[in-house]
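# Results of the structural survey
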Amino acid sequence: MGKIIKSAADVEEGLALLMLRDPRLRHIAEKAGPLPLRLRDPGFAGLAHIIVSQVVSRASAEAIWRRLEAEIGEVTALSYLARSNPETPGYGLSRAKARTLHAVAGVIVSGALDLAALSTMDEVDAYDRLTALNGIGPWTAQVYLMFCVGHADIFPSGDVALQAAVGQVFDLGARPDDRMLRELALGWSPWRSVAARLFWAYYAAMTHREAAPLA
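All of these numbers come straight from a predicted model, not from anything done at the bench. (Residues numbered from 1 in each chain as written. Predicted model: local features only at pLDDT ≥ 70, side-chain atom pairs only at ≥ 80, totals over all residues. Heavy atoms only, no water.)

## Focus on the packing of helix H9 (residues 160–169) against helix H11 (residues 192–207)
Two elements in contact, H9 and H11, have axes whose closest approach is 9 Å; the angle formed by their N-to-C orientations is 80°. When the interaxial angle is binned, H9 and H11 end up roughly perpendicular. Residues Ala161, Leu162, Ala164, Ala165, Val166, Gln168 and Val169 of H9 form the contact with H11, whose participating residues are Ala196, Phe199, Trp200, Tyr202, Tyr203 and Met206. Split by residue class, the contact of H9 with H11 holds 12 nonpolar, 1 polar and no charged. (Axes fitted to C-alpha atoms, helices over the stretch in contact; angles between N-to-C directions. Helix = DSSP H or I, 4+ residues; strand = E, 2+ residues; numbered from the N terminus. Parallel < 35°, antiparallel > 145°, perpendicular 65-115°, else oblique. Contact = heavy atoms within 4.5 Å. Nonpolar A, V, L, I, M, F, W, Y, C, P; charged D, E, K, R; others polar.)

Following this line, the structure appears as structure tokens:
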């Protein structure tokens, strides 16, 4: 299993090594400023928050999450199942997201999915376990493994803000697609999760819009 990010010091270590390996990142780091840790506890609430954040702005995702907490209280798999119906989604959720949340909560409550066990797997096995679930795609799995498990070597190459930031920084003329960005990010291994934090922070500094999926 690779490096696990647990503290701001780990992020700082990764950034220092990235800038040694790829000096082009130094001016990006100057513009981006300090990189947030952005770690959440692993579990249903963390995964649910990421599902809520799919394909919506940070502001919209946070508004939906506040409604969930106001209605449910502590968001657990059991409390979500008890207070939700996937066919009549509430809280501002789409029907697709409501179905995904309900399905994930169901496999956790049944014992078919042990999110805690993902922390003991390498990132490939953990990624495969998550994406085997209905409604959990690459971006959701990657963001969960980055911000809830702490894997240091993951880059969500399908993220639109990351594509835009990398395209601008390297003057690519057009936003790189998933495949191209995945290939570019190989050069930042084994600290790709820190590289992603760096480009999200750069994007926020340049556009004055926060694009990282979790606060």
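That shown, we press on.
## Structural notes on the pattern of salt bridges
Opposite charge on two side chains makes pairing possible when the charged atoms of those side chains draw close. Enumeration over the complete set of coordinates arrives at 9 salt bridges. A salt bridge links aspartate 10 to lysine 3, with the nearest nitrogen and oxygen atoms 3.6 Å apart. With relative accessibility at 12%, the residue aspartate 10 sits in the buried group. What emerges from the salt-bridge pattern is a single network uniting Lys3, Asp10 and Glu13. (Salt bridge = Lys/Arg side-chain N within 4 Å of Asp/Glu carboxyl O. Buried < 20%, exposed > 50% of the residue type's maximum accessible area, 1.4 Å probe, protein only.)

## Section: unusual backbone geometry
Peptide bonds are, in most cases, trans, and in most cases residues other than glycine have a negative phi. Backbone torsion omega between serine 189 and proline 190 reads 10°, so that peptide bond is classified as cis. As for its placement among the helices and strands, proline 190 is situated in the loop between helix H10 (178–185) and H11. Phi at tyrosine 91 is positive, roughly 65°, even though this residue is not glycine. Phi at histidine 208 takes a positive value of approximately 60°, unusual for a residue other than glycine. Position of histidine 208 among the secondary structure elements: in the segment after H11.

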